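Inside the fold
Chain residues, written in single-letter form:
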Amino acid sequence: MANNNSMIRDLTLAPLGKVKLDWVKSHMPLLHSIEEQFRSELPFKGLKVSICLHLEAKTGYLAQVIQAGGGEVAVCGSNPLSTQDDVVAALVESGITAYAWHHATDEEYRSHLNKALDFGPHAIIDDGGDLVSLLHSERTGQLKEIIGGCEETTTGIVRLKALQKSGLLRFPMMAVNDAYCKYLFDNRYGTGQSVWDGINRTTNLVVAGKTVVVIGYGWCGKGVAMRAKGLGAKVVITEIDPIKAIEAYMDGFEVMTMPEAAKLGDFFVTVTGNRDVIADSHFDVMKNGALMCNAGHFDIEINKSDLTARAVNIREVRKNIDEYEMKDGRKLYLIAEGRLVNLAAGDGHPIEVMDLTFALQALSLKHIVQNGRSLKAEVHSVPIEIDRNVAYLRLESLGIHIDRLTKEQADYLSGWTD
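Predicted, not measured: the structure shown is a model, and the values here were computed from it. (Residues numbered from 1 in each chain as written. Predicted model: local features only at pLDDT ≥ 70, side-chain atom pairs only at ≥ 80, totals over all residues. Heavy atoms only, no water.)

Under the UniProt annotation, "binding site: substrate" (unreviewed entry) lies at Asp127, Glu152, Lys182 and Asp186. A maximum C-alpha distance of 14.1 Å is found for the annotated residues, which run over 60 residues; spatially they form one tight group. Residue position: Lys182 is located in helix H9 (residues 180-203). Look at Lys182 and you get buried, because its relative accessible area is 3%. Apart from the residues lying within four places of it in its own chain, the contact partners of Lys182 are Glu152, Val176, Asn177, Asn187, Thr357 and Leu360. Counting through the fold element by element, Asp186 comes out in helix H9. Judged by its relative accessible area of 3%, Asp186 falls in the buried class. (UniProt positions renumbered as here; feature names shortened; annotations may be inferred. Helix = DSSP H or I, 4+ residues; strand = E, 2+ residues; numbered from the N terminus. Buried < 20%, exposed > 50% of the residue type's maximum accessible area, 1.4 Å probe, protein only. Contact = heavy atoms within 4.5 Å.)

This is the structure we're talking about:
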């Protein structure tokens, strides 16, 4: 049935995808433990779940864990360039319905999103808010069928909170991105490493001694800057938040405005979730040879229209690198079309990091389907019990044991007297 209903590139790629899935499964002990728990409990029995995430092997295993919990699962991609066709084929062969292929056009991408909703989900996992946005705009007739869902990214949560503030959000959503075990590890260590994996794999250039401009010093920006420093770069931070700017300064980085930084950078990495943070006159003062990439969810942070308008010639000079020749002869380079560089030009976050994040996703989705009808149609924080449970599972997998409070200590901390 999954094979008949799916829209994928090539089912014969499934054996290659299965090898990738087997590799990540051997390095994701938390999800493996949860999979065994779900097989016993079947928390999603009788339910359909649509998942919109970056369709590579780690995500594939999450989908299979939800399936092991009794759910009928459909997947679609959250980025046209991050889908791996062999992994998608392997998922279809395992009984999961898929609507995705690599390098989908905008029209195809939108069609895949709609197909994932045609599937008739009772719960969703979203990445960037695309499914939620469709449900609240063009597919409102399905809203009453949705118990709730989980959101993966900062960008998605911003969109969700805007919906909630407008009084339009119609079902509860778990802000998985805001869980401690997500932003402290996934956003910082995951993004930090995988962004540079993508840049280094794509460019094959040295980072040491170069100037790296990181636009945005949230948790992802912190990770990107930390790894750039570790690679020997001089790091410049641009920010709009005065508190984060002070933090960047006290972490040892130069802080300045983007017009100033645009003149200095050899590498530019956008990590803001906002549009046009590199745009217009910034391109006019960049060095010859400057490389730009984006680590935010959507390809709006680097204004490609402004860049194209200034170019007299555009060509692909290396896989995933476009060269823009300016009228004065300077050449500026854009990696992965300005899309999410760690997935469009790499394999995404390290497996062990995503084990933490997807353990949160799986347990949060279970919480939603078991409690969603009684929860308000709001953006909900991941319960601290789930966050701490995932942390304990990770420590256990590492063979690390930590102290626990005695009853007397717990009583003392919860009281107000000596």
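Once that is clear, we can look at unusual backbone geometry. Positive phi outside glycine occurs at Asp276, with the angle close to 60 degrees. Residue position: Asp276 is located in the loop between strand E10 (267-270) and helix H13 (282-285). Given a relative accessible area of 29%, Asp276 falls into the partly exposed group.

Turning our eyes to something else, we now look at the sheet that holds strand E12 (residues 311-318). Taking strand neighbours across the sheet as the criterion, the eight strands line up as E9-E8-E7-E10-E11-E14-E13-E12 in an open arrangement whose pairing is mixed. The strands lining the two open edges of the sheet, one partner per strand, are strand E9 (254-255) and E12. Pairing of strand E7 (residues 211-215) with strand E8 (residues 234-238) involves five bridges; the strand directions are parallel. Within E8, the position partnered with Thr211 by the bridge is Lys234. Sheet strands touched by H9: E7, E10, strand E11 (291-294), E12, strand E13 (321-326) and strand E14 (331-335). Its angle to E10, the strand with the most contacts, is close to 140 degrees. (Pairing = 2+ DSSP bridges. Axes fitted to C-alpha atoms, helices over the stretch in contact; angles between N-to-C directions.)

Another point: the sheet that holds strand E5 (residues 148-151). With parallel pairing, seven strands are arranged side by side in an open sheet as E3-E2-E1-E4-E5-E6-E15. Each end of this open sheet is capped by a strand with a single partner; those strands are strand E3 (97-99) and strand E15 (379-381). Taking the axes of each pair of neighbouring strands and ignoring which way they run, one obtains an average angle of 20 degrees across the sheet. Sheet topology note: the strand E1 (residues 48-53)/strand E4 (residues 123-126) ladder contains three bridges and is parallel. Across the sheet, residue Ile51 finds its bridge partner in E4, namely Ile125.

It is worth spelling out the packing of helix H2 (residues 14-25) against helix H4 (residues 57-68) at this point. It is at 9 Å that the axes of H2 and H4 come closest, and there the two elements cross at 80 degrees. In terms of orientation, H2 lies roughly perpendicular with respect to H4. Residues Lys20, Leu21, Val24 and Lys25 of H2 lie in contact with H4, whose contacting residues are Ala57, Lys58, Gly60, Tyr61 and Gln64. Tallied by class, the residues present in the contact of H2 with H4 amount to four nonpolar, two polar and three charged. (Parallel < 35°, antiparallel > 145°, perpendicular 65-115°, else oblique. Nonpolar A, V, L, I, M, F, W, Y, C, P; charged D, E, K, R; others polar.)

To find the voids left in a structure, one rolls a probe of water-molecule size over its atoms. Its boundaries defined by the atoms lining it, the second largest pocket holds a volume of some 480 Å³. His102, Lys319, Asn320, Ala344 and Ala345 are the residues nearest the centre of the second largest pocket, which is lined by 22 residues in total. Elements that contribute at least two residues to the lining of the second largest pocket include exactly H9, E12, E13 and helix H15 (341-344). Here the lining of the second largest pocket is built from residues that sort into six nonpolar, eight polar and eight charged. (1 Å grid on protein atoms, 1.4 Å probe; cavity = no way out; pocket = protein on both sides within 12 Å on 5 of 7 lines; lining within 4 Å. Points joined across faces, edges and corners; volume = space filled by probe spheres on them.)

On inspection of all chains with the given rule, the structure shows five aromatic pairs. On the numbers, 5.4 Å between centres and 85 degrees between planes, the contact of Phe38 with Phe44 is edge-to-face. Note on accessibility: Phe38 and Phe44 belong to one class, buried. Between Tyr180 and Tyr183, the aromatic rings sit 5.8 Å apart at their centres with planes inclined by 50 degrees, giving tilted as the arrangement. Residue Tyr180 and its partner Tyr183 are both found in helix H9; the two are separated by three residues, about one turn of the helix. (Phe/Tyr/Trp six-rings, centres within 6.5 Å; stacked < 30°, edge-to-face > 60°.)

Now for helix H10 (residues 219-230). Taking 1.5 Å per residue, 12 residues should reach 16 Å; H10 reaches 17 Å between its end C-alpha atoms and fits that length. Here H10 has its buried residues at Cys220, Gly221, Lys222, Gly223, Val224, Ala225 and Ala228. Among the structural elements, H9, E7, E8, helix H11 (242-250) and E10 are those in contact with the buried residues of H10. Gly232 occupies a position one or two residues after H10 and carries a positive phi of about 95 degrees. (Expected span 1.5 Å × (residues − 1).)

Ile51, Ile66 and Val75 are the most contacted members of the largest nonpolar core, which totals 55 residues. Broken down by element, the residue count for this core peaks at 11 residues, all from helix H16 (residues 351-371). (Core = buried A, V, L, I, M, F, W, Y, C linked by side-chain atoms within 4.5 Å.)

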